[in-house]
Amino acid sequence: MYLLESKKIMIVIIGALCNAVAMNLFLIPANIYSSGFTGVAQLISTLLGTYAPFTISTGIILFILNVPITIIAWKKVGRSFTVYSFFSVVLMTVFMEVIPVYKMSPDILLNAVFGGVIAAVGVGITLKYGASTGGMDIIAMLLSRVKDKPVGTYLFLLNGIIIVTAGAIYGPEKALYTLVTLYTSTRVIDAIHTRHEKLTAMIITKKGDELKRAIHSKLVRGITTVPVKGGYTNENKEMILIVVTRYEQYDLEKIINEVDPHAFTNILQTTGIVGLFRKE
């Protein structure tokens, strides 16, 4: 238990460091915007530096933006997910304040691609271990519990505003390079984790009753069971079908490994659900 939590903390630290490196060494020096709340923080910092008599760093603004979201998530989402997510935001803020803003390369395309890849690695591994980097991921989870619709539309609109603003401030070329960063980061996150909001798990196990009890003790999700037989061994087993959000994937995999490490699990993208799916 302690080993697993220690591993999770280390992953969150590495993820936050990756995001800070991507921002301070690649994206910010090249005036290229990131996605989500990080991009919004960059945008506000730029506007303050341009039009206000004072300036606030991107890391501090990112922290301020996440405070109200974290308070809501604490009440609505769950303490473990919220604590690790806020821990990630705090670490990223600290790292961004410690790491100097330095342009690694004069080539803007290299900055756009490497900044997007490094940031996406940070986000992807953090999501894979049951936390998030805050901001839009927390909002996504909140929305997924309120309405059964993909949050990609909201993320697209937010990123669209960031791209348009980047074009208005720095010219259309910077907007296009920002788009390159967003595309690169999305593809890398897809490879490491998933951007699908709902996932269907098909679990074939000999310990059906134990696994069902363990899942119900942790996740409030409906379960369907189907009797199955091994094609080679002819052993009688049970197949458990369950639909979860991507934020519950880590907890589900953890439960399966604890109860039945030999279970065969196939996790599929779920494009839509008709019928009851608990959201609160």
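Structure first, text after, so check above.
Residues numbered from 1 in each chain as written. Predicted model: local features only at pLDDT ≥ 70, side-chain atom pairs only at ≥ 80, totals over all residues. Heavy atoms only, no water.

Attention shifts here to helix α4 (residues 79–98). Under the 1.5 Å per step criterion, the end-to-end length of α4 is 28 Å for 20 residues, consistent within 8% with the ideal 28 Å. Within α4, burial applies to Phe-81, Thr-82, Tyr-84, Ser-85, Ser-88, Val-89, Leu-91, Met-92, Thr-93 and Met-96. (Helix = DSSP H or I, 4+ residues; strand = E, 2+ residues; numbered from the N terminus. Expected span 1.5 Å × (residues − 1). Buried < 20%, exposed > 50% of the residue type's maximum accessible area, 1.4 Å probe, protein only.)

Right, let's get into the nonpolar core. Ile-32, Phe-37, Met-92, Ile-138 and Leu-158 are the most contacted members of the largest nonpolar core, which has 43 residues in total. Residue assignment for this core shows that the elements contributing at least two residues are α1 (2–27), α2 (36–51), α3 (58–76), α4, α5 (108–128), α6 (136–146), α7 (152–170) and α8 (172–192). No other element matches the seven residues that α1 contributes to this core. For Ile-138, the contacting residues outside a window of four places in its chain are Ile-69, Ala-73, Phe-81, Ser-85 and Ser-132. One finds Ile-203, Leu-211, Ile-242 and Leu-252 within the second-largest nonpolar core, a separate group that totals 15 residues. (Core = buried A, V, L, I, M, F, W, Y, C linked by side-chain atoms within 4.5 Å. Contact = heavy atoms within 4.5 Å.)

All of the buried residues in helix α9 (residues 208–218) are Gly-208, Leu-211, Ala-214 and Ile-215. The buried residues of α9 occupy one face: seen down the axis, they fall within an arc of 135 degrees. For α9, exposure combined with an orientation more than 90 degrees from the buried face picks out Arg-213 and Ser-217. Considering only its buried residues, α9 is in contact with β1 (198–205), β3 (236–245) and α10 (249–259). (Arc of directions from axis to C-beta.)

Further remarks concern the sheet that holds strand β2 (residues 224–229). Spatial ordering of the open sheet is given by β2-β3-β1-β4, a layout of four strands whose pairing is antiparallel. The sheet terminates laterally at β2 and β4 (264–270), the two strands that pair on one side only. On average, each strand axis in the sheet is inclined to that of its neighbour by 25 degrees, with strand direction left out of account. Along the sheet, α9 contacts β1, β2 and β3; its crossing angle with β3, the most-contacted strand, is approximately 15 degrees. Each of β1, β3 and β4 is contacted by α10, which is oriented at about 5 degrees to β1, the strand it contacts most. (Pairing = 2+ DSSP bridges. Axes fitted to C-alpha atoms, helices over the stretch in contact; angles between N-to-C directions.)

Inspection of the secondary structure assignment puts Thr-205 in strand β1. Residue class for Thr-205 comes out buried when judged on its relative accessible area of 2%. Separated by 2.5 Å, the side chains of Thr-205 and Asp-260 make a polar contact. Setting aside residues up to four positions removed in sequence, Thr-205 forms contacts with Leu-211, Lys-237, Glu-238, Ile-240, Asp-260 and Ala-263. (Polar contact = N/O pair within 3.5 Å; in protein donor to acceptor, adjacent residues only side chain to side chain.)

Take a nonpolar patch on the surface next. On the surface, a cluster of nonpolar side chains totalling about 320 Å² of accessible area is made up of Leu-47, Tyr-51 and Ile-169. For Leu-47, the position within the fold is in helix α2. (Patch = residues over 30% accessible without salt bridge, like charges linked within 9 Å, V, L, I, M, F, W, Y side chains within 5 Å. Areas by Shrake-Rupley, 256 points an atom, 1.4 Å probe, with all protein chains shown as cover. Salt bridge = Lys/Arg side-chain N within 4 Å of Asp/Glu carboxyl O.)

Below, the discussion takes up the pairing of β2. The side chains of a regular strand alternate between both faces of the sheet. The sheet contact formed by β2 and β3 spans six bridges and is antiparallel. Paired with Val-226 across the bridge in β3 is Met-239. Once β2 ends, the chain turns through six residues before running back antiparallel as β3, passing Asn-234 with a positive phi of about 60 degrees.

Direction vectors running N to C along α5 and α8 enclose 35 degrees, while the axes themselves pass 7 Å from each other. The two elements α5 and α8 cross, and the hand of that crossing is right-handed. Considered class by class, the residues forming the contact of α5 with α8 number 15 nonpolar, five polar and two charged. (Left-handed = near helix turned anticlockwise from the far one by under 90°. Nonpolar A, V, L, I, M, F, W, Y, C, P; charged D, E, K, R; others polar.)

A separate point is the environment of Gly-230. Relative to the helices and strands, Gly-230 resides in the loop between β2 and β3. By relative accessible area, Gly-230 is classed as buried at 14%. The sequence separation of Gly-230 and Ile-204 amounts to 26 residues, and the corresponding C-alpha distance is 9.5 Å.

Along the chain, the position of Thr-184 falls in helix α8. Here Thr-184 falls in the buried class, since its relative accessible area comes to 13%. Spatially, the C-alpha atom of Thr-184 lies 6.2 Å from that of Val-117, the residues being 67 residues apart in sequence. When neighbours within four sequence positions are excluded, Thr-184 is seen to be in contact with Val-113, Gly-116 and Val-117.

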